[in-house]
Amino acid sequence: MSLFKLITAKRFGEFCQIYEENAAFCNQNPEFSDLLPKNYILALMGDKRYSRVIDVCCEEIFKNDNRISGPDRSSAYNYIACSIAKMELNMPDAIDTLYKGRNAVYQDISRTELFCIMYYEAVMLNDEKAKKQSLDLLEARLKNKKELSYEFASAQFITGRYTKEQLMERISSIPPVLSERYQAKALFYIAVKEYERGNIKEYMDLLYDIENLYYRQPFIMIEWEYILSVICRDKEE
């Protein structure tokens, strides 16, 4: 079994322990090829070790910012994870951390994921200024684009270009595995909109729908929206 399967099986503590003991051998032994900082951060998040998530993300950001030579390897992944962890620890700069990652070199194909998550955080924190900022940033990403692929679907829904029915229709033809991943994203942002309207029952039902997707396709674990759905569900139960 690949070590990453420990994460998809929600055996987060086991993966973290193996990483902490063997990460130095990642490039020397194929058995340890999954021991990457990105996977460690995901496992730490699943294990709710938020302070450690922040430490690792800050280390990765610092290493890139202080690179003596070579190309910029900044990743939105580190800013997103750090922001989510800060929000869970009630730290006041969670949204600011996301904003700092807006120009990271490595992002999702549409370069909208970070701003979608910013919208979620703004809704949960009832921060109208941050909500407007996230919508403005998403609008800027979508501007002057005529043919948009499914990678933009959640952003189009958040900004009001799609109804929830149009959103689900847009991702309905995606191949298996990828389909479940994008369904999880779509359902999560539909849930966020329901929460924003005060419809808590509908919000919770949608979060459970995302969990049901996990049992069909555990690989959706790699999507931040799945991780966030678990965090949100745990708070309400």
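The structure this text deals with has already been given above.
This text gives an overview of the structure that appears in the document. (Residues numbered from 1 in each chain as written. Predicted model: local features only at pLDDT ≥ 70, side-chain atom pairs only at ≥ 80, totals over all residues. Heavy atoms only, no water.)

The secondary structure content of the protein amounts to 13 helices and 0 strands. Secondary structure elements in the protein, listed N-terminal to C-terminal, are α-α-α-α-α-α-α-α-α-α-α-α-α. Against the compact-globule benchmark of 18 Å for 237 residues, the protein has a radius of gyration of 18 Å, which places it among compact chains. Dimensions of the protein, computed from C-alpha atoms along their principal axes, come out at roughly 50 × 40 × 35 Å. Among the 237 residues that make up the protein, the fraction classed as buried is 51%. (Helix = DSSP H or I, 4+ residues; strand = E, 2+ residues; numbered from the N terminus. Rg over C-alpha atoms; globule rule 2.2 N^0.38 Å. Buried < 20%, exposed > 50% of the residue type's maximum accessible area, 1.4 Å probe, protein only.)

The subject of this paragraph is the pattern of salt bridges. For the structure on display, the rule yields 21 salt bridges. Between aspartate 234 and lysine 48 there is a salt bridge whose closest N-O contact spans 3.1 Å. Taken together, the residues span a long stretch of sequence, with aspartate 234 in helix α13 (residues 224-236) and lysine 48 in the loop between α3 (37-46) and α4 (50-65) at a distance of 186 residues. Here aspartate 234 falls in the partly exposed class, since its relative accessible area comes to 34%. With a closest N to O distance of 2.8 Å, lysine 132 and aspartate 136 form a salt bridge. (Salt bridge = Lys/Arg side-chain N within 4 Å of Asp/Glu carboxyl O.)

Turning our attention to the nonpolar core. Grouped together as the largest cluster of nonpolar side chains are 81 residues, with contacts concentrated most on Phe15, Tyr120, Phe188, Tyr189 and Trp224. When near neighbours in sequence (up to four residues on either side) are disregarded, tyrosine 189 contacts Cys116, Ile117, Tyr120, Ser154, Phe157, Ile158 and Glu225. (Core = buried A, V, L, I, M, F, W, Y, C linked by side-chain atoms within 4.5 Å. Contact = heavy atoms within 4.5 Å.)

What follows concerns helix α8 (residues 128-142). A rise of 1.5 Å per residue sets the reference length of α8, with its 15 residues, at 21 Å; its end C-alpha atoms lie 21 Å apart and thus fit the reference within 8%. Residue aspartate 127 occupies the N-cap position of α8, its side-chain oxygen lying 3.2 Å from the main-chain nitrogen of lysine 129. (Expected span 1.5 Å × (residues − 1). Polar contact = N/O pair within 3.5 Å; in protein donor to acceptor, adjacent residues only side chain to side chain.)

Another aspect to go through is the packing of aromatic side chains. A complete count under the given rule lists 10 aromatic pairs for this structure. With 5.3 Å between their ring centres and 55 degrees between their planes, tyrosine 120 and phenylalanine 188 make a pair best called tilted. Of this pair, tyrosine 120 sits in helix α7 (residues 113-124) while phenylalanine 188 sits in helix α11 (residues 178-197), placing them 68 residues apart in sequence. Comparing tyrosine 120 with phenylalanine 188, the two get one shared label, buried. Ring pairing ties together the aromatic residues Tyr120, Phe188 and Tyr189, which thus form one cluster. (Phe/Tyr/Trp six-rings, centres within 6.5 Å; stacked < 30°, edge-to-face > 60°.)

Another aspect to go through is the side chain of lysine 185. If you trace the backbone, lysine 185 turns up in helix α11. Under the relative-accessibility criterion, lysine 185 is labelled buried at 10%. Apart from the residues lying within four places of it in its own chain, the contact partners of lysine 185 are Glu113, Ser154, Glu223 and Glu225.

Here we take up the environment of leucine 213. Tracing the sequence through the fold places leucine 213 in helix α12 (residues 200-216). You can call leucine 213 buried: its relative accessible area is 3%. Taking C-alpha positions, leucine 213 is 24 Å from aspartate 34, a pair spaced 179 residues apart along the chain. Here leucine 213 is in contact with Glu180, Gln183, Ala184, Leu187 and Ile220, once residues within four sequence places are set aside.

Attention now moves to the packing of α7 against α8. Axis separation between α7 and α8 bottoms out at 8 Å; the angle between their running directions is 160 degrees. Viewed along their axes, α7 and α8 adopt a mutual orientation that is roughly antiparallel. In the packing of α7 onto α8, the handedness of the crossing is left-handed. Residues Phe115, Cys116, Met118, Tyr119, Ala122 and Val123 of α7 form the contact with α8, whose participating residues are Ala130, Lys131, Gln133, Ser134, Leu135, Leu137, Leu138 and Arg141. The class makeup of the residues in the contact of α7 with α8 is 10 nonpolar, 2 polar and 2 charged. (Axes fitted to C-alpha atoms, helices over the stretch in contact; angles between N-to-C directions. Parallel < 35°, antiparallel > 145°, perpendicular 65-115°, else oblique. Left-handed = near helix turned anticlockwise from the far one by under 90°. Nonpolar A, V, L, I, M, F, W, Y, C, P; charged D, E, K, R; others polar.)

Purely geometric stuff here, so don't read any function into it on its own.
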